[in-house]
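Topology and contacts: notes
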Amino acid sequence: MASIIETAIRSTVTKGIGVVAEFNRKRMDVATDHPFLTGIHEPMREELTLEDLPVTGTIPAALDGRYLRIGPNPIDPDPAGHHWFTGDGMVHGIAVKDGKALWYRNRWIRSKKAAAAMGVPAAPGPRHGVSDNVNTNVLGIAGRTFALVEAGSYPVELSDTLEEQTFNPFDDTLAGSFTAHPHLDPLTGEQHAIAYDATSPEVVRHVVISPEGKVIREEPIAVKHGPSIHDCAITARYALVLDLPVTFSMKALIGGHTFPYRWNPEHQARIGLLPRNASGDETIWVDVDPCYIFHVANAFDTADGKVILDAVVYDTMFADSAVGPDATSRGLERWTIDPATKTVERRTIDSTPQEFPRPDERRFGQPYRYAWTMGLPNKDQAFIGETFILKHDLETGAREVHEFGEGRYPGEFVFVPASPDATEGEGWLIGLVVDLPNETTDLVIIDAQAFADAPVASIRIPHRVPPGFHGNWVAAA
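Residues numbered from 1 in each chain as written. Predicted model: local features only at pLDDT ≥ 70, side-chain atom pairs only at ≥ 80, totals over all residues. Heavy atoms only, no water.

Take the overall build of the chain next. Tallying secondary structure elements over the chain gives 3 helices and 33 strands in all. For the chain, whose C-alpha radius of gyration is 21 Å, the value lies close to the compact-globule estimate of 23 Å for 477 residues. Principal-axis analysis of the C-alpha atoms places the extent of the chain at approximately 60 × 60 × 45 Å. The buried share of the chain, reckoned over its 477 residues, is 58%. Restricting the contact set of the chain to residue pairs at least 6 apart, pairs at least 24 apart contribute 60%. Within the structure as shown, the chain displays about 19200 Å² of accessible surface, and the carbon and sulfur contribution to it stands at 52%. Across the chain, the 42 positively charged side chains and the 65 negatively charged ones have centroids separated by 3 Å. (Helix = DSSP H or I, 4+ residues; strand = E, 2+ residues; numbered from the N terminus. Rg over C-alpha atoms; globule rule 2.2 N^0.38 Å. Buried < 20%, exposed > 50% of the residue type's maximum accessible area, 1.4 Å probe, protein only. Contact = heavy atoms within 4.5 Å. Areas by Shrake-Rupley, 256 points an atom, 1.4 Å probe, with all protein chains shown as cover. Lys, Arg positive; Asp, Glu negative; His and termini not counted. Charge placed at Lys NZ, Arg CZ, Asp CG, Glu CD.)

A sheet is described by the order of its strands in space; here 5 strands give the open sequence E1-E5-E4-E3-E33, paired in antiparallel fashion. Every interior strand has two partners, whereas the edge strands, strand E1 (49-51) and strand E33 (471-475), have only one. Strand-to-strand twist of the sheet, defined as the mean angle between neighbouring strand axes without regard to direction, takes the value 15 degrees. Bridging between strand E3 (residues 65-72) and E33 involves 5 bridges; their strand directions are antiparallel. Along E33, the bridge assignment pairs arginine 69 with glycine 471. (Pairing = 2+ DSSP bridges. Axes fitted to C-alpha atoms, helices over the stretch in contact; angles between N-to-C directions.)

In globular proteins that are soluble, nonpolar side chains generally tend to be buried together. The biggest cluster of nonpolar side chains holds 49 residues, and the ones touching the most others in it are Leu240, Leu244, Leu309, Trp335 and Ile337. Non-local contacts of leucine 244, meaning those with residues more than four positions away in its chain, are made with Pro227, His267, Ala269, Arg270, Ile271, Val288, Cys291, Tyr292 and Ile293. In this structure, Ile59, Val96, Ala101 and Ile461 belong to the second largest nonpolar core, which totals 25 residues. (Core = buried A, V, L, I, M, F, W, Y, C linked by side-chain atoms within 4.5 Å.)

Let us look at the environment of glycine 305. Within the secondary structure, glycine 305 is located in the loop between strand E20 (296-301) and strand E21 (307-312). Taking the C-alpha atoms as reference points, glycine 305 and isoleucine 337, separated by 32 residues in sequence, lie 9.3 Å from one another.

Moving on, we come to empty space enclosed by the protein. Empty pockets left among the atoms are what a rolling probe the size of a water molecule brings to light. Across all of its chains, the model carries 2 cavities of 30 Å³ or more by this definition. One number sums up the size of the largest cavity: a volume of about 50 Å³. As for the largest cavity, its lining consists of Phe36, Leu37, His41, Pro43, Pro72, Asn73, Pro74, His82, Trp84, Pro466 and Pro467. In terms of residue class, the lining of the largest cavity is built from 8 nonpolar, 3 polar and no charged. Along the walls of the second largest cavity sit Arg69, Gly71, Pro72, Asn73, His92, Pro466, Pro467 and Gly468, which together make up its complete lining. A total of 3 residues in the lining of the second largest cavity trace back to one element, the largest contributor, which is E3. (1 Å grid on protein atoms, 1.4 Å probe; cavity = no way out; pocket = protein on both sides within 12 Å on 5 of 7 lines; lining within 4 Å. Points joined across faces, edges and corners; volume = space filled by probe spheres on them. Nonpolar A, V, L, I, M, F, W, Y, C, P; charged D, E, K, R; others polar.)

Further remarks concern the sheet that holds strand E9 (residues 165-167). Spatially, E6-E7-E8-E9 is the arrangement adopted by the 4 strands of the open sheet, whose pairing is antiparallel. Every interior strand has two partners, whereas the edge strands, strand E6 (137-141) and E9, have only one. Each strand axis lies, on average, 30 degrees off the axis of its neighbour in the sheet, ignoring direction. In this structure, strand E7 (residues 144-148) lies alongside strand E8 (residues 156-158), joined through 3 bridges in antiparallel fashion. In the strand pairing of E8, threonine 145 is matched with leucine 158.

In structure tokens form, the structure reads like this:
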């Protein structure tokens, strides 16, 4: 832990850098058609509460809960230095019960900056880090709902209606930053995360949350250059650390860019296999060719001691653009990692550009059969997705496509099992689809076992919900 003197010095230096960055940001050439502030990404301007939403088809009676999605929605858009990843967080929710769509709500996360712009009190609770903006994921943890971000801020606990918000480091059990992507081990009930902090470039942490929602482990792991580690994975034996060549850039920060991470060819790409209860210095590091991974589908151990990792892979990321992702996905790959020989075999499962891989979460960290992904355009600067999502059968190699039609752009879809004991893949895929020509949005429900067929139900939201990051189904208690 940093001493009081070290903390004071770091705070002073950080404030000084912030002043220089703000000065340089104001001197930037500003494009009036910033790709993440216009078109499909144009921010919403108000908070809404809509009830009794129209439904096409039949909502499955077993669905009782809320679909929640979060993403950046700048409250006072300024193109200077703006990056898609740094916009003010806005959470969207649709409540479903007894075959009805009860309500839709969208609410800004009440960071100090956003609340001041709205003229309302900021959300209460302790802060951590330079920024308290939370905009990347929202999910249920230990029977409560949390909005999450990586690299700095504490999580924000949300009430069921999204009206109450509190910055909450898991009831004061979290000391450092958190992540946008914790993963539940369904066999133990623990949540596992790899967390990094923009102000501590030489260390990341393996964080474990108990089934009761308390942090029980924050194990430091030594790294270099301040890597941006967006996701992680677990197996029965290991927590996987994706230490890849997108790292903190002081040049970008001082230059006024709000997202100061860039492709760093000097940073050795590697995967860390940390035995789940071991110290950070026992991590087994396996070098890989330069690449980047935002999201994993799953990982698991093999009988012969190896580790399988399925993920969407890029050759580079943030090498050219300062406003958003700037590389084409290589598709979904399977990596076979051998901790004994410290080698990796890579195999392409599907080379179609795609993102947001999701499994049946009940199989996370275990051998599994199905993964679902969102299609991406076969080009750089993928500001919007393609008009389809994919289903991968990893046992047979088969692939199915669900096409939404021209002008209709899906986001991430999440799998919801039909019941707690349903077989793998028996349930529904749920996600938002923007109808760009009509400036509307639908929450679409697809039968996962009739994936290519028409949706079983569609809930109409009478406005465009800008593309965001991550969404999840949170079942009623």
